[in-house]
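Okay, here's what each chain looks like letter by letter:
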Amino acid sequence: MGFKDMKVRGIFAGGFICACLIDLSVPAFLGILYELANTELQFFVQLNKLREAAVQPLLDEKTFAASCGASILLLLQSFVELETNAAKNAYRLWHLIRHPDENWTMPVLHDVENQQELNRKYCNAFCDVLAINGFALCVKVTSSLWKQVSHKVKEMMSDGKGTASSRGTLSAEGFQHLMEEPIRRMTQYTKLFANLAQQNKQRSRPFRWEQEVVRKWNDLLTAVALNKEAAERTRAFWDTCSPKIADLLKTPGRRIVRDSKSYPVSLLNAGRFTSHWFILFNDVFVHSQYSGLNGYSLSLVWVDPVVDLEGEGSAFALTFPEETPLTLVCSNAHDKADWVKHLNDAIYHSHSDTWSSQCDQSKTTISDVRRTPPLVRYASYTFTKFPSLKGAVYTGSWLCGKMHGRGELVWPDGEKYVGYFRQNFRHGQGKHTVRKSDGETIYEGSWKDGKRNGLGSIRWCILVCLFCVRCLSILTDC
């Protein structure tokens, strides 16, 4: 029997003599609870040492936030929150062990949602920093600070692997390893909670409840692992692509899904000497060519997997607002199905909160289940090409790349239309407001194919003198 299986009843010391009173007849439940409290205390001590040695000096550095960005700052702030939470958990667990008669709750068990939310926030921030290689950036921009604190944090590494560089300063890999401690702690949670559940009778209420807690932590761990894998894959992608593209596209929350270099797909009828590179991220589809780079928000991308082209059974089309549909061709039907699946999954998750919390956790996980994004979507878009709509912002319903349904269209000069659309034309009931120097002209009524049609009312203002405006209102049937 190890010391961790015993319960310390008291410690006595006087002069050169000290004694420890222990209880060998500890119930299994209490032994597991003791181990949970002990490891939680050790976890807090580890976080506290790291905060004092590295995290707090970085937060206190005046130029750090401006140099490293908001994502790294969020990671460090989340780390401090986790440290405070670990201290509270350890205190409550030890108090419960020493005073079992008191009606105290254990947040780590009885407040699973808040506990997981803190861990989820930290893990998402960790993966965001990992995706942009933020740990290397952090060490680079604060190299002088790392020289001062590296001797404190080197000894905190459990295995010492990858801690220091050849110059004796803390490396990016070592800093990343230390900041992964909260993720490793979640693995311990699942094991301890599973052991705790086994102490109850099968199918009893406490057993089912503790099994549900274990399931939630396992789901979070799975999602974090997938998120981390996607972040590492994204970091490798940024390291291999051109610096120009990386500077334009790299953001902390963006993850690479696939690209046409690794999974070949080509533009139909592309010129012999042209170059096209297609990149699918979790939030945008990018078409890179010699003439430039075009990015399309996935919220306004439609995939048509059935393209009736003679001899091109492996083609599919992508539709965007203001753009001619892109027809892409794969080498075989299997590759086409794979591209269509990943496109639809990414579009689906860009329209739902499940992308940021699939299995209630991850924002970057694309599951094996085939997802079908809705044809009708609600989104905002700023027009850049249509002459009559250039600069206008539309917020409302879309169908296959066109304004369709109810929405609001606002021009830069203040002109506004609120009402219904059909295939990019104002159609149905709507209110059109035109601002002029002498006031507003407002038409409210029926529209058809972009023109006033049917019953409606128009109200305009006539300037009579400098400070006198007379408003007229008529009923018209155009």
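Residues numbered from 1 in each chain as written. Predicted model: local features only at pLDDT ≥ 70, side-chain atom pairs only at ≥ 80, totals over all residues. Heavy atoms only, no water.

At Asn 133, a residue that is not glycine, the phi angle is positive and equals roughly 55°. Not every positive phi belongs to a glycine, and Asn 269 is a case in point at roughly 60°.

Moving on, we get to the packing of helix H3 (residues 70-98) against helix H5 (residues 112-131). Axes are the key here: two packed helices are described by the angle between their axes and the distance separating the axes. Following both chains from N to C, one finds H3 and H5 inclined at 150°, their axes separated by 9 Å at the closest point. With respect to each other, H3 and H5 are oriented roughly antiparallel. In this structure, H3 crosses over H5, and the sense of that crossing is left-handed. Where H3 abuts H5, its residues Ser 71, Ile 72, Leu 74, Leu 75, Ser 78, Phe 79, Glu 81, Leu 82, Asn 85 and Asn 89 lie against Gln 115, Leu 118, Asn 119, Lys 121, Tyr 122, Ala 125, Phe 126 and Val 129. (Axes fitted to C-alpha atoms, helices over the stretch in contact; angles between N-to-C directions. Helix = DSSP H or I, 4+ residues; strand = E, 2+ residues; numbered from the N terminus. Parallel < 35°, antiparallel > 145°, perpendicular 65-115°, else oblique. Left-handed = near helix turned anticlockwise from the far one by under 90°. Contact = heavy atoms within 4.5 Å.)

A separate point is the nonpolar core. Phe 126, Phe 135, Met 179 and Phe 193 are the most contacted members of the largest nonpolar core, which totals 55 residues. Per-element tally for this core: the top contributor is helix H1 (residues 28-60), with 11 residues. Beyond its immediate sequence surroundings of up to four residues, Phe 135 is in contact with Leu 75, Phe 126, Val 129, Leu 130, Ala 172, Phe 175, Gln 176 and Met 179. In terms of nonpolar packing, the next biggest core, distinct from the first, is built from 20 residues, Phe 278, Phe 316, Phe 320 and Ile 347 among them. (Core = buried A, V, L, I, M, F, W, Y, C linked by side-chain atoms within 4.5 Å. Buried < 20%, exposed > 50% of the residue type's maximum accessible area, 1.4 Å probe, protein only.)

Here the focus is helix H8 (residues 172-179). Within H8, 6 of the 8 residues are buried, leaving the element largely enclosed by the surrounding structure. Within H8, the full set of buried residues consists of Ala 172, Gly 174, Phe 175, Gln 176, Leu 178 and Met 179.

A separate point is the sheet that holds strand S6 (residues 284-289). The pairing of strands in a sheet comes from backbone hydrogen bonds and takes either a parallel or an antiparallel form. If you walk across this open sheet you meet the 4 strands as S3-S5-S6-S7, and the pairing is antiparallel. Because the sheet does not close on itself, it has two edges, and the strands there are strand S3 (256-259) and strand S7 (292-297). Averaged over all pairs of adjacent strands, the angle between strand axes in this sheet comes to 20°, irrespective of strand direction. Lying on the sheet, helix H12 (residues 333-350) is in contact with S3, strand S5 (276-281) and S6; it crosses S5 at an angle near 45°. (Pairing = 2+ DSSP bridges.)

So, about the pairing of strand S16 (residues 439-448). Across 9 bridges, strand S15 (residues 425-436) lies against S16 in antiparallel orientation. Among the inter-strand pairings, Thr 433 is bridged to a residue of S16, identified as Ile 442. What sits between S15 and S16 in their antiparallel hairpin is a turn of 2 residues.

Side chains that differ in charge, positive against negative, can pair when their charged atoms come close. Counted by the stated rule, this structure contains 16 salt bridges. In this structure, Arg 215 and Asp 219 form a salt bridge, with 2.6 Å as the shortest nitrogen-oxygen distance. Of this pair, Arg 215 and Asp 219 are both found in helix H10 (residues 205-240), 4 residues apart, which corresponds to roughly one turn of the helix. We classify Arg 215 as partly exposed; its relative accessible area is 39%. In this structure, the salt-bridge partner of Asp 345 is Lys 341, at a minimum N-O distance of 2.9 Å. (Salt bridge = Lys/Arg side-chain N within 4 Å of Asp/Glu carboxyl O.)

Of all residues in the chain, 80% have pLDDT values of 70 or greater, and the mean over the chain is 82. Low pLDDT, under 50, characterises residues 354-367; the predicted model gives this stretch 51 contacts beyond four residues in sequence or across chains. A low-confidence stretch, residues 463-478 stays under pLDDT 50, and its non-local contacts, those more than four residues away or across chains, total 30 contacts. (pLDDT = per-residue confidence, 0-100.)

Once that is clear, we can look at the pairing of S15. The pairing of strand S14 (residues 416-422) with S15 spans 6 bridges and is classified as antiparallel. Its bridge partner being in S15, Tyr 417 is matched across the sheet by His 432.

Here we take up the packing of H5 against H10. As a packed pair, H5 and H10 sit with axes 8 Å apart at the nearest point and diverge in direction by 10°. Taken together, the axes of H5 and H10 are roughly parallel relative to one another. Together, Val 112, Glu 113, Gln 115, Gln 116, Asn 119, Arg 120, Cys 123, Asn 124, Cys 127, Leu 130 and Ala 131 of H5 and Val 213, Lys 216, Trp 217, Leu 220, Val 224, Asn 227, Lys 228, Ala 231, Glu 232, Thr 234, Arg 235 and Trp 238 of H10 make up the contact between the two elements. Split into classes, the residues belonging to the contact of H5 with H10 amount to 11 nonpolar, 6 polar and 6 charged. (Nonpolar A, V, L, I, M, F, W, Y, C, P; charged D, E, K, R; others polar.)

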